[in-house]
Amino acid sequence: MTDIKSMTLDELSGALAAMGEPEFRGKQIFSWLHRGATDFEAMSNLPKTLRAKLAEAYYITAPAVARKQVSRLDGTIKYLWRLRDGNCIETVLMSYHHGNTVCISSQVGCRMGCRFCASTVAGRVRDLSASEMLDQVLFTRLDSGMEISNIVLMGIGEPMDNLDAVLRFLTLVNHPDGLNIGMRHISLSTCGVIPGIDRLAELGTQLTLSVSLHAPDSTTRSRIMPVNGAYDVDELFAACHRYFQKTGRRISFEYAMIDGVNDSDAQADLLAKKIRGMPGHVNLIPLNDVVESEFKPSRRIAAFQKRLESHGVTATVRRSLGGDIDASCGQLRRKEMEGREEA
Ligand code: SAH
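Moving on, we get to the site of the ligand. In the region of the ligand, 18 residues are neighbours, and Gly157, Ser189, Ser212, His214 and Asn288 sit closest. Here glutamate 158 contributes a side-chain N or O atom positioned 3.0 Å from a nitrogen atom of the ligand. In isolation the ligand has 530 Å² of accessible area, and contact with the protein removes 90% of it. Secondary structure elements with two or more residues in the shell around the ligand: strand S10 (186-190) and strand S12 (251-257). In terms of residue class, the shell around the ligand is built from 9 nonpolar, 7 polar and 2 charged.

Our focus in this paragraph is the environment of alanine 118. Turning to its location among the elements, alanine 118 is positioned in the loop between strand S7 (107-109) and strand S8 (124-127). Under the relative-accessibility criterion, alanine 118 is labelled buried at 5%. Expressed as a C-alpha distance, the spacing of alanine 118 and isoleucine 29, which sit 89 residues apart in the sequence, is 38 Å.

Let us look at the pairing of strand S5 (residues 88-96). Summarising burial for S5: 7 of the 9 residues are buried, a large majority. Sheet topology note: the strand S4 (residues 77-82)/S5 ladder contains 6 bridges and is antiparallel. From the neighbouring strand, lysine 78 faces S5, where its bridge partner is valine 92. Hairpin geometry of S4 and S5 is characterised by an intervening segment of 5 residues between the two adjacent antiparallel strands and by a positive phi of about 90° at glycine 86. Two strands pair when backbone bridges link them, and S5 and strand S6 (residues 99-103) are joined in this way by 5 bridges, in the antiparallel orientation. Directly across from serine 95, in S6, lies its bridge partner asparagine 100. Once S5 ends, the chain turns through 2 residues before running back antiparallel as S6.

As for its placement among the helices and strands, threonine 171 is situated in helix H5 (residues 163-174). Expressed as a C-alpha distance, the spacing of threonine 171 and leucine 321, which sit 150 residues apart in the sequence, is 29 Å. Polar side-chain contacts of threonine 171 include one of 3.0 Å to the backbone oxygen of leucine 167.

Right, let's get into unusual backbone geometry. Positive phi is not limited to glycine here, since asparagine 180 has a value of about 60°. Mapped onto the fold, asparagine 180 is located in the loop between H5 and S10. For asparagine 180, a relative accessible area of 47% puts it in the partly exposed group. At histidine 214, a residue that is not glycine, the phi angle is positive and equals roughly 65°. In this structure, histidine 214 sits in the loop between strand S11 (208-212) and helix H7 (218-224). Relative accessible area serves as the criterion here: at 5%, histidine 214 is assigned to the buried category.

Here H5 crosses helix H6 (residues 194-203) at 30°, and the two axes come no closer than 12 Å. Handedness of the crossing formed by H5 with H6: right-handed. Judged by residue contacts, Leu163, Asp164 and Leu167 of H5 engage Gly196, Arg199, Leu200 and Leu203 from H6.

Below, the discussion takes up the nonpolar core. Counting 97 residues, the largest nonpolar core has Phe169, Phe253, Val282 and Leu308 as its most contacted members. When residues of this core are assigned to their parent elements, the largest contribution, 8 residues, is made by H5. Residue assignment places this core across two domains, with domain 1 (2-59) and domain 2 (64-342) each supplying three or more. Ignoring any residue separated from it by four or fewer positions in sequence, one finds leucine 308 in contact with Ala268, Leu271, Ala272, Val282, Leu284, Val313 and Ala315. One finds Met94, Cys103, Val152 and Leu321 within the second-largest nonpolar core, a separate group that totals 5 residues.

What counts and what doesn't
Residues numbered from 1 in each chain as written. Predicted model: local features only at pLDDT ≥ 70, side-chain atom pairs only at ≥ 80, totals over all residues. Heavy atoms only, no water. Near = heavy atom within 4 Å. Polar contact = N/O pair within 3.5 Å; in protein donor to acceptor, adjacent residues only side chain to side chain. Areas by Shrake-Rupley, 256 points an atom, 1.4 Å probe, with all protein chains shown as cover. Helix = DSSP H or I, 4+ residues; strand = E, 2+ residues; numbered from the N terminus. Nonpolar A, V, L, I, M, F, W, Y, C, P; charged D, E, K, R; others polar. Buried < 20%, exposed > 50% of the residue type's maximum accessible area, 1.4 Å probe, protein only. Pairing = 2+ DSSP bridges. Axes fitted to C-alpha atoms, helices over the stretch in contact; angles between N-to-C directions. Left-handed = near helix turned anticlockwise from the far one by under 90°. Contact = heavy atoms within 4.5 Å. Core = buried A, V, L, I, M, F, W, Y, C linked by side-chain atoms within 4.5 Å. Domains from an automatic or database assignment.

Function cannot be inferred from these measures alone, as they are strictly geometric.
This is how it looks when you write it as structure tokens:
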């Protein structure tokens, strides 16, 4: 059985042609799938015999809502989906004045090991398929009844550790016969996997690259992010420069503020020095308290921001949404895995 929703329109049309069907059938099926059809029987403009043939060769992914939480504070919705094989992943839907943004997962778990992150505590179970990434957008849209204008790949998983499927997902979600979400409305966040950054740069994609930096110096970064051992922070900055040269796109640096670890004035000075010469933007994130983590939120966010700005580096503080519903990715899945009770 083949995962039909991970196929591009060209692949689908080719497969239909090989079955002796007219090429336009590919487009019809693609359109059904991208509107969230879960059953070939529902594809009413296809001949019955073709529907039966398709059902023999292909399956259609469709996650089930395992849990859904709606924030009373700001309407943020968090979904815990159960996949075909029983694994669970999270998706968050956030409303901003400029439209609705969906934050999707790219893997079941993560193997990057960032010390402050809930998604990586139990390691990586498996990669998501392109269809399972697309489903998070499709079924969040259908279940919530809200139109989606932006996508961020900032949920569970490291997108660069599953880049082939991520690129395939981008092709699908970008397609005019599908959801048609433009690349400039999509952000991809990485903990700093340099070959992935270079590959995106080569493709010249117009998506927004976010780099989870969290420290400007190698010693601090290695302490909180094991990936720094493989891809050192200075090589990472060099890769960001290359990315900017190739794409002309400004990079967003994510910086979770951790008490006594990465929040000193000296670190702000060093960060500003290393960003200089590249139109980067620093996004300061109030650390989410993770049960498993030894780290505590910093109380120096405003001072750190001021210090960066005194060096001419633009920095914003990320508004925290869904604080009452474990909206930070990884937290709800952890709860489900451990059978922990709601607070
Ligand atoms: N693996 C990718 C994308 C997923 S994480 C990456 O590392 O970028 C999304 C963002 O949340 C990253 O910037 C990550 O470092 C950050 N994050 C993880 N745990 C956090 C926590 N406890 N508090 C604040 N931000 C956190």
